[in-house]
Amino acid sequence: MKLIKALLVDDDLDAIQQIKKFGEENAVIISVCGYSNTLQESIGFIKEAKPELIFFNPSIENLAHFNLLKELDFNIPKFIFISKDEKDAFQAFKHNAIDFLKKPLDFNDLIVSLYKVIKNIEMEISFQDQKLNQINSINSTNQNNGFLAISSTDKIELIKVDDIVFCRADGKYTEFVLSNGTKILSSKNLGEYNNVLTYNYFFRIHHSYVINIKHISKITKKDGLYCEFTNGVALPIAKRRQEEFIKFIKL
């Protein structure tokens, strides 16, 4: 069963203790990675920790900052709204929460809500697998036509391979930086794209970067070896990759 990484956004000490105890007693299915009084305070942590679930107090302040979640460059976490007021169930429905629970929280109700979250995530994974199969099929068809299909958070984009300046690993995601300045975050990891980008002008200079040598403007030697691109970005070449890279670009 999938382990869910969860965050609690609430200033209610009783709710914090209940969620903490719930996490301790159900450590096989949920890991509570943090607590925060308000959504505004937690945005930085959410971007870093990437929780899959947020237990959320729909206070006026928290709801006022709900649009901050649009800044996230990965899938928005699932929400379970928790409140003493049953009227807040409407806010849960309005904001597409998985469930609404009334305080004080009941452990059995928490278990049921958590299974709803797990089921929802499993359905998304199944859909994502279907989408990835579709992308692989598209890439197989287009690999000789100079195009690449990229699965972003909400769509599949077809881009010209020549427009890729470099790809950067971002955890289990990959960020594509294009020559026009566009950045696309893909749900596939860099290793998968490294296997797809078999063109003779792509090279993995670092465990975090695959680059297009067509966009290199110069190579500098200063505390190591760096590639500088036409967009002004400079990326380091890992020491263990430098000799192979020099041979690759035929210097």
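Here is a short report on the structure shown in this document. (Residues numbered from 1 in each chain as written. Predicted model: local features only at pLDDT ≥ 70, side-chain atom pairs only at ≥ 80, totals over all residues. Heavy atoms only, no water.)

## A look at the overall build of the chain
Each helix and strand counted, the chain has seven helices and 15 strands in total. Counting across all 251 residues of the chain, residues that qualify as buried make up 45%. When contacts within the chain are restricted to residue pairs at least 6 apart in sequence, those whose partners lie at least 24 apart make up 54%. Total accessible area on the chain is roughly 13,800 Å²; 49% of this is exposed by carbon and sulfur atoms. (Helix = DSSP H or I, 4+ residues; strand = E, 2+ residues; numbered from the N terminus. Buried < 20%, exposed > 50% of the residue type's maximum accessible area, 1.4 Å probe, protein only. Contact = heavy atoms within 4.5 Å. Areas by Shrake-Rupley, 256 points an atom, 1.4 Å probe, with all protein chains shown as cover.)

## Looking at the pattern of salt bridges
Under the counting rule described, the total for this entry stands at eight salt bridges. The partner of glutamate 86 in a salt bridge is lysine 102, and the shortest N-O contact between them spans 3.6 Å. You can see glutamate 86 sitting in the loop between β4 (78-83) and α4 (89-94) and its partner lysine 102 sitting in strand β5 (residues 99-102), a full 16 residues away along the chain. (Salt bridge = Lys/Arg side-chain N within 4 Å of Asp/Glu carboxyl O.)

## Focus: the pairing of strand β11 (residues 202-206)
With four of five residues buried, β11 lies mostly within the body of the structure. Relative to strand β12 (residues 209-212), β11 runs antiparallel, the two sharing four bridges. Within β12, the position partnered with arginine 204 by the bridge is valine 210. Hairpin connection between β11 and β12: a loop of two residues separates the two successive antiparallel strands. (Pairing = 2+ DSSP bridges.)

## Some details on the sheet that holds β11
Pairing within the open sheet is antiparallel, and its five strands lie in the order β10-β9-β8-β12-β11. The open sheet has two free edges, formed respectively by β10 (183-186) and β11, since each of these has just one partner strand. Neighbouring strand axes in the sheet, compared pairwise and without regard to direction, differ in orientation by 20° on average. Two strands pair when backbone bridges link them, and strand β8 (residues 164-170) and β12 are joined in this way by three bridges, in the antiparallel orientation. Within β12, the position partnered with cysteine 167 by the bridge is valine 210. (Axes fitted to C-alpha atoms, helices over the stretch in contact; angles between N-to-C directions.)

## Description of the nonpolar core
Counting 20 residues, the largest nonpolar core has Ile30, Leu53, Phe55, Ile80, Ile82, Leu110 and Leu114 as its most contacted members. Listing elements by their share of this core, those giving two or more residues are β1 (4-9), α1 (13-25), β3 (53-56), β4 and α5 (107-142). With five residues, α5 is the largest single contributor of residues to this core. Residues contacting leucine 114, with those up to four places away along its chain left out, are Ile4, Phe22, Ile29, Ile30, Leu53 and Ile80. Of all hydrophobic cores here, the second largest spans 19 residues; its members include Val9, Leu68, Leu69 and Ala92. (Core = buried A, V, L, I, M, F, W, Y, C linked by side-chain atoms within 4.5 Å.)

## Considering the sheet that holds strand β13 (residues 216-221)
Adjacent strands of a sheet form backbone hydrogen bonds with each other and so pair up, either parallel or antiparallel. On the basis of which strands lie adjacent, the open sheet formed by three strands has the order β13-β14-β15 and antiparallel pairing. Here the strands that pair on one side only, and so sit at the sheet edges, are β13 and β15 (234-237). On average, each strand axis in the sheet is tilted by 25° relative to the strand beside it, whichever way the strands run. Of the pairings in the sheet, the one linking β13 to strand β14 (residues 225-229) comprises five bridges and is antiparallel in character. Its bridge partner being in β14, lysine 218 is matched across the sheet by glutamate 228. Where helix α7 (residues 239-248) meets the sheet, its contacts fall on β13, β14 and β15, and the angle it forms with β15 comes to roughly 100°.

## Let's talk about the pairing of strand β6 (residues 147-151)
Burial runs high along β6: four of the five residues are buried. Pairing analysis gives five bridges linking β6 to strand β7 (residues 156-160), with the strands arranged antiparallel. For phenylalanine 147, the partnering residue across the bridge sits in β7 and is lysine 160.

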